[in-house]
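So you can see what is in the structure, the chains are spelled out below.
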Amino acid sequence: MRIETTAVHAGAEPDPATSSLAPPIHLSTTFEHGPASEELHGYIYVRDKNPTQDRLEKAMSLLEGGEDALVFASGMGASIALLQSLAPGSHVIFPEDVYVHVRVAHREYLPKWGIQSSVVDTQTPENVRRALRPNTKLVWVETPSNPRMNITDIAGVSAVAHEAGALVVVDNTFATPILQRPLEQGADLALHSTTKYCGGHSDAQGGCLVLKKRGPLYDQLFHLRMVLGAVCSPFNSWLVLRGLRTLACRMERHSLNGLAVAQALAGCKNIERVFYPGLASHPGHETATKQMSAFGGMLSILVKGGWSEAVGVASRVKLFQNATSLGGVESLIEHRTSAEGKGSTSPANLLRLSIGLEHKDDLIADLLQALGE
Ligand SMILES: *Cc1c(COP(=O)(O)O)cnc(C)c1O
């Protein structure tokens, strides 16, 4: 079946008890069991698993083409669970441009957990090869990256990592399985902040890890989630599952709008650079074309000047809203240096745009007036 059909039907079996087509939300935190804790219907306690979470996990694994998935309370909950599955003494390779709190986590917490890390520019697989050590267990890929929209060759990096016996995780939050399926390209895990496009309406927080193979790592992550407690709530699972039903349609429009905005901005005199992998001028365009079916709704721009010129543009938008996060129906703009705070690696003149589902011409007109074009 094609991905658009999967998005509509995955995990959508009618409720066996009532035949309701819309899935029930099982809010119960506890389930009746036998006198010696025997499971009666496969469930015991909400922190282990829950029927609503199960549906979302089934849908996410079908969409990504994995054997199983685990949903978490947030994208960071999923990220940290994966890092905590590593034994002390392991080594992890991270990309230079990576989601801000993954960077904070590896700087502040990995040393305390006895895990070594290196930061490399993963846009060249050769850099990953050079950084590999005998104890490298995991290579972290984020493509397109947040916020600089760097593109990493998933197949290339996976081949290099696998030669050394390391696993590859791809943060697929920006592309979603509609535009890019990392497990088909060779990665071992796909990671999501489902808070973003999968949920799609800026009203539910969640994270997900999809595993290519259901093996010991799945069991370990399941156990970790249960003990550390970062499990996705039933209601948020339900909202994200509902979001998946329209994901294919939304990503199509996000991508059309994203490309139109990127093309319009590329010609502006007050813009130094536009980072959008759909533009032929983007250094990762060729790789992106190979591994993505369209380029999504995220882009970043460098405004000519510095901090104050960029903040000036953000202060003059009328339709775009100044807010963090991304992937909702509404268009957002954010000065990343301000948002990331101390230790930010984003250029001071960078603005990140999450292009929503409004009419592209209204979005372009708003940006052009804010830029003074
Ligand atoms: C938002 C985001 C995360 C973190 O997800 P939360 O749900 O906010 O915890 C991770 N990776 C990327 C690319 C993100 O945009």
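Residues numbered from 1 in each chain as written. Predicted model: local features only at pLDDT ≥ 70, side-chain atom pairs only at ≥ 80, totals over all residues. Heavy atoms only, no water.

Caption draft 1: Examining the nonpolar core more closely. Of all hydrophobic cores here, the largest spans 65 residues; its most connected members are Leu 244, Leu 265, Val 274, Leu 299, Ile 301, Leu 351 and Leu 353. It is helix H11 (residues 247-266) that provides the largest number of residues to this core, a total of 7 residues. Sequence-distant contacts of Leu 353, that is, excluding residues within four places in its chain, are made with Leu 265, Gly 297, Met 298, Leu 299, Ile 301, Phe 320, Leu 332, Ile 333 and Leu 367. If you look at the next biggest cluster of nonpolar residues, it comprises 24 residues, including Val 169, Leu 211, Leu 217 and Tyr 218. (Core = buried A, V, L, I, M, F, W, Y, C linked by side-chain atoms within 4.5 Å. Buried < 20%, exposed > 50% of the residue type's maximum accessible area, 1.4 Å probe, protein only. Helix = DSSP H or I, 4+ residues; strand = E, 2+ residues; numbered from the N terminus. Contact = heavy atoms within 4.5 Å.)

Caption draft 2: Region of interest: the site of the ligand. Residues in contact with the ligand amount to 14 residues; listed here are only the nearest, Gly 75, Asp 171, Ser 193, Thr 195 and Lys 196. With respect to the ligand, the backbone of Gly 75 contributes an N or O atom lying 2.8 Å from an oxygen atom. Within the contact set of the ligand, an oxygen atom lies 2.8 Å away from a backbone nitrogen or oxygen of Met 76. A total of 380 Å² of accessible area belongs to the ligand in isolation, and the protein chains cover 93% of it. (Near = heavy atom within 4 Å. Polar contact = N/O pair within 3.5 Å; in protein donor to acceptor, adjacent residues only side chain to side chain. Areas by Shrake-Rupley, 256 points an atom, 1.4 Å probe, with all protein chains shown as cover.)

Caption draft 3: Local environment of helix H6 (residues 154-163). Those residues of H6 that sit buried are Ile 154, Gly 156, Val 157, Ser 158, Val 160 and Ala 161. Residues of H6 that are buried in the fold lie against helix H5 (125-131), strand S4 (136-142), strand S5 (167-171), helix H8 (182-185) and helix H12 (285-291). Its side-chain oxygen placed 3.2 Å from the backbone nitrogen of Ala 155, Asp 153 serves as the N-cap of H6. Gly 165 sits one or two positions beyond H6 and adopts a positive phi of about 80 degrees.

Caption draft 4: Layout of the pairing of strand S1 (residues 68-72). Burial of S1 is extensive: 5 of the 5 residues sit out of reach of the surface. Of the two faces of S1, both are covered, the one formed by Asp 68, Leu 70 and Phe 72 as well as the one formed by Ala 69 and Val 71. Of the pairings in the sheet, the one linking S1 to strand S7 (residues 207-211) comprises 5 bridges and is antiparallel in character. Considered in S7, the bridge of Ala 69 is made with Val 210. (Pairing = 2+ DSSP bridges.)

Caption draft 5: Region of the structure containing a nonpolar patch on the surface. A contiguous nonpolar surface patch, about 280 Å² in accessible area, is contributed by Ile 25, Leu 27 and Phe 235. Within the secondary structure layout, Leu 27 lies in the loop between helix H1 (3-9) and helix H2 (51-64). (Patch = residues over 30% accessible without salt bridge, like charges linked within 9 Å, V, L, I, M, F, W, Y side chains within 5 Å. Salt bridge = Lys/Arg side-chain N within 4 Å of Asp/Glu carboxyl O.)

Caption draft 6: Up close: the packing of aromatic side chains. This model, assessed by the stated rule, comprises 6 aromatic pairs. Plain terms: the ring middles of Phe 31 and Tyr 43 are 5.5 Å apart, the flat faces sit at 40 degrees to each other, and that makes the pair tilted. Pair noted here: Phe 31 is in the loop between H1 and H2 and Tyr 43 is in the loop between H1 and H2, with a separation of 12 residues, a long-range link. Both rings, one in Tyr 276 and one in Phe 295, keep their centres 6.4 Å apart while their planes meet at 75 degrees; by these two values the pair is edge-to-face. Of this pair, Tyr 276 sits in the loop between strand S8 (271-275) and H12 while Phe 295 is found in the loop between H12 and strand S9 (298-303), placing the two residues 19 residues apart along the sequence. (Phe/Tyr/Trp six-rings, centres within 6.5 Å; stacked < 30°, edge-to-face > 60°.)

Caption draft 7: Broad picture of the confidence of the model for the chain. Averaged over every residue, the pLDDT of the chain is 97; the share at 70 or more is 100%. The least confident element of the chain, judged by mean pLDDT, is helix H14 (residues 336-340) at 94; the most confident is strand S6 (residues 189-193) at 99. (pLDDT = per-residue confidence, 0-100.)

Caption draft 8: How the structure looks around the layout of surface pockets. One number sums up the size of the largest pocket: a volume of about 640 Å³. Around the largest pocket sit 35 residues that line it, and Met 76, Tyr 99, Val 100, His 101 and Arg 336 are the ones nearest its centre. Listing elements by their share of the lining of the largest pocket, those giving two or more residues are helix H3 (75-84), helix H4 (100-108), S6 and H14. Residue contributions to the lining of the largest pocket peak at 7 residues, all from H4. (1 Å grid on protein atoms, 1.4 Å probe; cavity = no way out; pocket = protein on both sides within 12 Å on 5 of 7 lines; lining within 4 Å. Points joined across faces, edges and corners; volume = space filled by probe spheres on them.)

Caption draft 9: How the structure looks around the sheet that holds strand S11 (residues 332-335). In spatial order, the strands read S8-S9-S12-S11-S10; together these 5 strands make up an open sheet with mixed pairing. Single-partner strands in this sheet number two, and they are S8 and strand S10 (321-322). As paired strands, S11 and strand S12 (residues 350-354) are joined by 4 bridges and run antiparallel to one another. The residue of S12 that forms the bridge with Ile 333 is Leu 353. Seen against the sheet, H11 touches S8, S9 and S12 and runs at an angle of roughly 15 degrees to S9. Helix-sheet contacts for helix H13 (residues 307-316) involve S9, S10, S11 and S12, and the interaxial angle to S11 is about 160 degrees. (Axes fitted to C-alpha atoms, helices over the stretch in contact; angles between N-to-C directions.)

Caption draft 10: Geometry of unusual backbone geometry. A cis geometry characterises the amide bond from Thr 143 onward to Pro 144, with omega recorded as -10 degrees. With respect to the element layout, Pro 144 can be found in the loop between S4 and H6. Of the consecutive residues Asn 146 and Pro 147, the connecting peptide bond is found in the cis state with omega at 10 degrees. The phi dihedral of Ser 19 falls on the positive side, at around 65 degrees, and the residue is not glycine. Inspection of the secondary structure assignment puts Ser 19 in the loop between H1 and H2. Here Thr 176, not a glycine, exhibits a phi torsion of approximately 65 degrees, which is positive.

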